[in-house]
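Read off the chains here:
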Amino acid sequence: MPSVLVVGSINMDLIVRCERLPREGETAHGEDLLMAPGGKGANQAVASSRLGARTSMVGRLGEDEFGARLRAGLQEDGVDTSAVLADPDASTGVALIVLEPSGQNRIVIMSGANARVGAKDVAKAQALLSGTDVVLLQLEIPISTVAQVAALAREAQVPSVLDAGAATREAVDAGLPGLVDVISPNETEAQTLTGVKVSDLKSAAEAVRRLRAMGASEVVLKLGSDGAYWAGDGGEEHVPAFQVDPVDTTAAGDAFTACLAVDLASGRDMLTALRRANAAGALACLKLGAQPSMPAHDELEAFLAGHT
Ligand code: RIB
């Protein structure tokens with residue numbers, strides 16, 4: 001069983017479904033309000049644990065009701081939260097998610113305690129590195145913290161996988177593409193990082209090459225319903241997606257990246273891992289909410305067996 005360390009964000013997601021997004025200055029009616037655990041870090045920790053990896057998380061919550069509920073949820077999913085700090089000086093992160101009938105979403109995050117993940121948490125991550133097979137990072141905590149953890153992982157010869165959500169140019173300035181072993185943006189994040197608008201396989205290949213030129217050794221560009229485009233020292237390939245009818249695409253990328261990290265840490269080759277990650281992403285589109293939709297190991301194997 002591989003061991004995964006996630007250093008990242010934890011949010012309570014407040015989700016409203018609506019017929020269409022309001023225009024500027026317009027008020028639109030939404031449907032029911034759903035509250036579900038989220039945050040890219042926590043989503044990936046839950047996915048990693050459900051997929052069978054021993055998973056620990058480093059991050060911060062507020063000392064509030066959302067914080068207590070989110071910690072309990074992570075623990076129920078088997079994630080070790082002993083390195084998750086309850087910060088008395090900040091509130092728990094919240095994400096406001098508007099969901100369109102197509103399953104597509106728009107997200108605004110209020111970082112709260114996630115913005116305070118810093119030196120103390122880096123030290124906790126460093127202490128956990130010795131028992132870790134792969135470190136899983138995202139960009140919803142301070143970039144300087146992500147860069148420090150990535151550098152420590154490299155020093156300790158522990159591979160790292162960076163999900164580049166929510167990307168800013170600061171990640172490039174901090175040298176993150178060259179500090180991690182695998183970087184995985186989606187199309188929007190790839191555009192932020194490289195300036196290339198990803199609209200087809202040709203532009204995907206261009207964005208991936210630019211990230212390689214920034215020092216990234218393995219780049220996995222998530223293309224949603226088009227699958228993933230990978231480039232690394234061993235080659236370059238488009239891996240098509242499994243087609244599903246999405247209910248909610250929120251956190252599909254989190255399921256994808258977590259599955260990729262778990263599979264690489266389990267010794268699977270990149271192309272096999274990518275096919276499985278596409279399956280995990282597809283499964284995550286079939287249920288409402290971020291963590292509620294993270295697939296479990298048996299679900300993933302059954303889906304793959306049905307799609308040979
Ligand atoms: O990737 C999806 C996640 O992004 C949501 O759960 C939300 O919390 C934001 O962090």
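Located above this text is the structure these notes cover.
Each residue is numbered by its place in its chain's sequence as written, counting from 1. It should be noted that, the model being predicted, local features are given only for residues of pLDDT at least 70 and side-chain atom pairs only at 80 or more, the latter also being counted only at that level, while totals for whole chains, interfaces and linings use all residues. Values reported for side chains reflect all heavy atoms of the structure, with hydrogen atoms and water molecules removed beforehand.

Novice: How would you summarise the packing of aromatic side chains if you had to cite specific residues and measurements?
Specialist: Paired rings are identified among Phe, Tyr and Trp, the last through its six-membered ring, by centres lying within 6.5 Å, and are further divided according to the angle between planes into stacked (under 30 degrees), edge-to-face (over 60) and tilted (the rest). Summed over all chains, the structure comprises one aromatic pair. Measuring from ring centre to ring centre gives 5.3 Å for Phe-242 and Phe-303, while their planes differ by 80°; the resulting arrangement is edge-to-face. In this pair, Phe-242 sits in the loop between β13 (235-239) and α9 (252-265) while Phe-303 sits in helix α11 (residues 297-305), placing the two residues 61 residues apart along the sequence. Phe-303 shares its class with Phe-242; the two are buried. Helix numbering and strand numbering both begin at the N terminus, where a helix is a DSSP run of H or I of at least 4 residues and a strand a DSSP run of E of at least 2. Exposure categories follow from relative accessible area, calculated using a 1.4 Å probe and restricted to protein chains: below 20% of the type maximum is buried, above 50% is exposed, and the middle band is partly exposed.

Novice: How would you summarise the packing of α9 against helix α10 (residues 270-284) if you had to cite specific residues and measurements?
Specialist: One way to put it is that α9 packs onto α10 with a least axis distance of 7 Å and a crossing angle of 150°. Classified by the angle between their axes, α9 and α10 sit roughly antiparallel to one another. For the element pair α9 and α10, the recorded crossing hand is right-handed. Where α9 approaches α10, its residues Ala-252, Ala-255, Phe-256, Cys-259, Leu-260, Asp-263 and Leu-264 are matched on the opposing element by Met-270, Ala-273, Leu-274, Arg-276, Ala-277, Asn-278, Ala-280, Gly-281 and Ala-284. Axis lines are fitted to C-alpha atoms, over the contacting stretch for helices. Their N-to-C directions set the angle, which ranges from 0 to 180 degrees. Angles below 35 degrees are treated as roughly parallel, those above 145 as roughly antiparallel, those between 65 and 115 as roughly perpendicular, and all remaining angles as oblique. Each crossing gets its handedness from the near helix: less than a right angle anticlockwise from the far helix is left-handed, clockwise is right-handed. Whether two residues are in contact is decided by their heavy atoms, any of which lying within 4.5 Å being enough.

Novice: Could you give an account of the nonpolar core, with specific residues and numbers?
Specialist: By convention a nonpolar core is built from buried Ala, Val, Leu, Ile, Met, Phe, Trp, Tyr and Cys residues, the set being connected through side-chain atoms within 4.5 Å. If you look at the biggest cluster of nonpolar residues, it comprises 49 residues, and the most contacted ones within it are Ile-10, Met-57, Val-220, Leu-260, Leu-274 and Leu-300. By residue number, the principal contributor to this core is α10, which donates nine residues. Val-58, Val-117, Ala-150 and Ala-205 belong to the second-largest nonpolar core, a separate cluster that totals 43 residues.

Novice: Could you give an account of the site of the ligand, naming the residues involved and the relevant values?
Specialist: Among the 13 residues in the neighbourhood of the ligand, the closest are listed as Asp-13, Gly-39, Lys-40, Glu-140 and Asp-254. Here an oxygen atom of the ligand sits 3.0 Å away from a polar atom, N or O, in the side chain of Asn-43. Pairs of N or O atoms are called polar contacts if they sit within 3.5 Å, as long as, within protein, a hydrogen donor faces a hydrogen acceptor (for residues adjacent in sequence, only side-chain-to-side-chain pairs). Asp-254 places a polar side-chain atom, nitrogen or oxygen, 2.8 Å from an oxygen atom of the ligand. The accessible surface values rely on the Shrake-Rupley method and a 1.4 Å probe; as for residues, cover is taken only from the protein chains in view. Protein burial of the ligand: of its 280 Å² of free accessible surface, 97% is covered by the chains. Only β2 (11-18) and α1 (40-50) provide two or more residues apiece to the shell around the ligand. Looking at the shell around the ligand, its residues break down into four nonpolar, five polar and four charged. We call a residue near a molecule or strand whenever a single non-hydrogen atom of that residue lies within 4 Å of it. In this classification, Asp, Glu, Lys and Arg are treated as charged, Ala, Val, Leu, Ile, Met, Phe, Trp, Tyr, Cys and Pro as nonpolar, and every other residue, Gly included, as polar.

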